[in-house]
Protein chains: 2
Amino acid sequence: MDRGLSEFDLIDRLRRQASVGGPLLTGLGDDASVTEHAGPTATSVDAVVEGVHFNREWSSPDRIARKAVATALSDLAAMAADPGEVYVTLGLPRDTGTGWLEQLADGFVSAAAEFGAVLAGGDTVASPVLFAAVTVVGRAAEGEVLVLRSGAAAGDLVAVTGSFGGAAAGLLLLEGGWTGADDDRPDAQLRAALVERHVSPRPLLEAGRRLRGSGVTALIDVSDGLAADLGHIAEESGVRLSIDAGLVPVQPGVQDVAGPAGRDALDLALGGGEDYELAMTFPRRRLESVRESLGETECPLTVVGVVEAGSGVEVSGGSAPAGFDHFR
Amino acid sequence: MDRGLSEFDLIDRLRRQASVGGPLLTGLGDDASVTEHAGPTATSVDAVVEGVHFNREWSSPDRIARKAVATALSDLAAMAADPGEVYVTLGLPRDTGTGWLEQLADGFVSAAAEFGAVLAGGDTVASPVLFAAVTVVGRAAEGEVLVLRSGAAAGDLVAVTGSFGGAAAGLLLLEGGWTGADDDRPDAQLRAALVERHVSPRPLLEAGRRLRGSGVTALIDVSDGLAADLGHIAEESGVRLSIDAGLVPVQPGVQDVAGPAGRDALDLALGGGEDYELAMTFPRRRLESVRESLGETECPLTVVGVVEAGSGVEVSGGSAPAGFDHFR
């Protein structure tokens, strides 16, 4: 039935650039892709919506596609899985320009390739609002085990990669610009890094795969916010995560942006989300092995707390805002 | 980051009803599902959007969910794959009522179960328009082969299951009601069957799996319209499909609805789409084996044409409308 979709043939454009190989036997152009792989397979779904997750004024079509792919693949990093295939369903308003759509389509192909995955399927539907639903599939070798959220045990350490609050501070800059005194304004490079953090996140796939077999008992990517995502580990593992807020690494520049916007830097670091770092638990005796696993990546590891009997997330120290009470 | 999503926790509601087993080792509640299966795996993505593919006035939330799942699974039938997992990403407007959403969520779980699949993952995002992006995964046993669109060869027969035009006629009834003279109005049962065809399609999964290994060389489900979908087989196989329009089975009642709406019944049958029947090709000598494969299902098989050297779809006989020229 003609659903009023524009003439643009996304699948045709995509398949001219896509390739098969490895577990992918048949890609774009059939009713479904065909893959074959004997080991564990991780599958995750996600979506981004215009006006909610991105704005065409803030970002180019290729960066919108790249962010949609990156944030979806971050869920595979959180499983310690190797990236495999990316599938995209686009909801397209009638008035979307063909040139813009071509850049968006090409952006999905190149983003998949950039992160070691391949675009293996897609669909387009007419929609009053532009959206991209992204499905990602990742794998481990036969006999290997993917890392869930549910393995944290009392006595484990809680650690994170990288630093936090940057994506939220970047969003503040995008939404409101710089609102503080001129003298307090962080330098252009620092501001650009914060905006970049929001617009162009990178999935920590290499870090994730290296953590496979390192002794990590639970693993998650920080998309909702550090406190909320640690809460997911606590819930799935049936434990309490006790976090020292003073240990949480805050990205440079976040402090400068938070103040004038009437926000607290630690609030942004713990609750801002979209930093796409990894948070994990592991037995104390595995600290060095975990650190070594990440050694060759550019991901610093910081211990921020411990796992205890109980439930929820307890944030102490620093100036943990009252809003985090509900994670306890 | 808080994206203004309503408080409704879809995943929590879904996981209370979902189960794991078979290839599915970990379902809802982690960053990704985990599956393990050594044979060929088919993956397909699809989406439905409010106001484009469904209207809340026309259908209940459980039927909207059921149709979204059924049409997605139809792509697995078109691969001759056994249904495995269903994943759903919901775009939810802020004002969507919780009761309605609960019915929608439950509808996804029960639709997956009805069709022999299991709901294995999902996500919710805020969106100004309600949409559901559905990913489905199906399989065949190790050593078996899924059926693509690309195997049709000159000399093959073209055949279809069931009858056509019903979903399009049902949509006409939903959109405009009955516009003809009272005396010509098809009886209530016939009208209900047409509307049902549009609102509650069923994926021919059992027929599809039985066709695996029957000698079928190309297989597709009829979602876009019979002529268009046969065109996909022609394109992927590098052949021409020559169809006798007079042989195409038209659903009872379509003729009655088409006339008063100023439409041609054959036009609806060839171009209407959403009937979710299967169309296929196979060597002449396999006709009986294909017919026998379908014997125990409720799917009648009708030969509607032949495969020739060339390209595109040629519709002859009947009163094939000029609009199908572009498929030649």
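Owing to the predicted nature of the structure, the values given are computational and were not obtained by experimental measurement.

Caption draft 1: How the structure looks around the pairing of strand E8 (residues 240–244) of chain A. Residues and elements named next belong to chain A. Bridging between E8 and strand E10 (residues 301–308) involves 4 bridges; their strand directions are antiparallel. Its bridge partner lying in E10, Arg 240 is registered against Glu 308. By the bridge criterion, 5 bridges tie E8 to strand E11 (residues 312–316) in an arrangement that is parallel. Paired with Ser 242 across the two strands is Glu 314, which belongs to E11.

Caption draft 2: Local environment of the sheet that holds E10 of chain A. All names here are of chain A. If you walk across this open sheet you meet the 6 strands as E7-E9-E6-E10-E8-E11, and the pairing is mixed. Looking at the sheet topology across the chains shown, the edges are occupied by strand E7 (218–221) and E11. For this sheet, the mean angle separating the axes of adjacent strands, direction not counted, is 25°. The sheet contacts of helix H7 (residues 226–237) involve strand E6 (157–161), E7, E8, strand E9 (278–282) and E11, and relative to E7 the element is tilted by about 150°. The sheet strands contacting helix H10 (residues 287–294) are E6, E9 and E10, and the helix crosses E10 at an angle near 145°.

Caption draft 3: Looking closely at unusual backbone geometry. Positive phi is not limited to glycine here, since Glu 274 of chain A has a value of about 65°. Along the polypeptide, Glu 274 of chain A turns up in the loop between helix H9 (265–271) and E9. Positive phi is not limited to glycine here, since Tyr 276 of chain B has a value of about 55°. Tracing the sequence through the fold places Tyr 276 of chain B in the loop between helix H9 (265–271) and strand E9 (278–282). Judged by relative accessible area, Tyr 276 of chain B falls into the buried class, the value being 6%.

Caption draft 4: Empty space enclosed by the protein, seen in detail. Going through the model one piece at a time under the given rule, you end up with 5 cavities of 30 Å³ or more. Volume-wise, the largest cavity comes out at about 160 Å³. Considering the residues around the largest cavity, the lining is formed by 17 residues, among which Thr 35 and Thr 41 of chain A together with Thr 35, Thr 41 and Arg 139 of chain B are closest to the centre. For the lining of the largest cavity, the secondary-structure elements that each account for two or more residues are strand E2 (33–49), strand E3 (82–92) and strand E5 (131–139) of chain A together with strand E2 (33–49), strand E3 (82–92) and strand E5 (131–139) of chain B.

Caption draft 5: Broad picture of the sheet that holds strand E7 (residues 218–221) of chain B. All names here are of chain B. Read across the open sheet, the 6 strands follow the order E7-E9-E6-E10-E8-E11; overall the sheet is mixed. Because the sheet does not close on itself, it has two edges, and the strands there are E7 and strand E11 (312–316). Geometrically, the sheet is characterised by an average inter-axis angle of 25° between neighbouring strands, direction not taken into account. Pairing geometry for strand E6 (residues 157–161) and strand E10 (residues 301–308), over 5 bridges, is antiparallel. Residue Leu 157 lies in a different strand from E10, and its bridge partner there is Val 306. Its contacts with the sheet put helix H7 (residues 226–237) on E6, E7, strand E8 (240–244), E9 and E11, and the angle it makes with E7 is roughly 150°.

Caption draft 6: Structural detail: the relation of the copies chain A and chain B. For the pair chain A and chain B, the relating rotation is 180°, the translation along its axis is 0.0 Å, and the fit reaches an RMSD of 0.0 Å. One copy is carried onto the other by what is essentially a two-fold rotation axis. Closest approach to the rotation axis within chain A is made by the C-alpha atom of Ala 38 of chain A, at a distance of 2.1 Å. The residues that chain A uses at the interface reappear at the interface of chain B in 100% of cases, marking a shared surface.

Caption draft 7: Representation of the confidence of the model for chain A. Residue and element names in this part refer to chain A. Of all residues in chain A, 94% attain a pLDDT of 70 or more, and the chain-wide mean is 91. For residues 1–6, every residue scores under 50 in pLDDT, and the model assigns this stretch 23 contacts once sequence neighbours within four places are set aside. Low confidence marks residues 320–328, where pLDDT is under 50. Its contacts with residues over four positions away, or in another chain, come to 16 contacts.

Caption draft 8: Structural context of the nonpolar core. Membership of the largest hydrophobic core comes to 59 residues, with the highest contact counts inside it found for Leu 14, Leu 73, Val 86, Phe 108, Met 280 and Phe 282 of chain B. With 9 residues, helix H2 (residues 61–77) of chain B is the largest single contributor of residues to this core. One finds Ala 72, Leu 130 and Leu 219 of chain A together with Val 34 of chain B within the second-largest nonpolar core, a separate group that totals 58 residues.

Caption draft 9: Local environment of the interface of chain A and chain B. Across the contact, 59 residues belong to chain A and 59 residues belong to chain B. In total, about 4600 Å² of surface goes out of reach between chain A and chain B, with carbon and sulfur atoms giving 53% of it. Remark: the boundary between chain A and chain B carries 6 salt bridges. The salt bridge involving Asp 31 of chain A is made with Arg 149 of chain B; its shortest N-O contact spans 2.9 Å. Summed over the shared surface of chain A and chain B, the number is 15 residue pairs in polar contact (both at pLDDT 80 or more). Counting residues per element, the ones that place at least two in the side of chain A that touches chain B are E2, E3, strand E4 (118–126), E5, helix H4 (166–176) and E7 of chain A. Broken down by element, the side of chain A that touches chain B gets its largest block of residues, 16 residues, from E2 of chain A.

About the cut-offs
Residues numbered from 1 in each chain as written. Chains lettered and ligands numbered in written order. Predicted model: local features only at pLDDT ≥ 70, side-chain atom pairs only at ≥ 80, totals over all residues. Heavy atoms only, no water. Pairing = 2+ DSSP bridges. Helix = DSSP H or I, 4+ residues; strand = E, 2+ residues; numbered from the N terminus. Axes fitted to C-alpha atoms, helices over the stretch in contact; angles between N-to-C directions. Contact = heavy atoms within 4.5 Å. Buried < 20%, exposed > 50% of the residue type's maximum accessible area, 1.4 Å probe, protein only. 1 Å grid on protein atoms, 1.4 Å probe; cavity = no way out; pocket = protein on both sides within 12 Å on 5 of 7 lines; lining within 4 Å. Points joined across faces, edges and corners; volume = space filled by probe spheres on them. Least-squares fit on C-alpha atoms with pLDDT ≥ 70 in both. pLDDT = per-residue confidence, 0-100. Core = buried A, V, L, I, M, F, W, Y, C linked by side-chain atoms within 4.5 Å. Buried area = accessible area lost by both parts, 1.4 Å probe. Salt bridge = Lys/Arg side-chain N within 4 Å of Asp/Glu carboxyl O. Polar contact = N/O pair within 3.5 Å; in protein donor to acceptor, adjacent residues only side chain to side chain.

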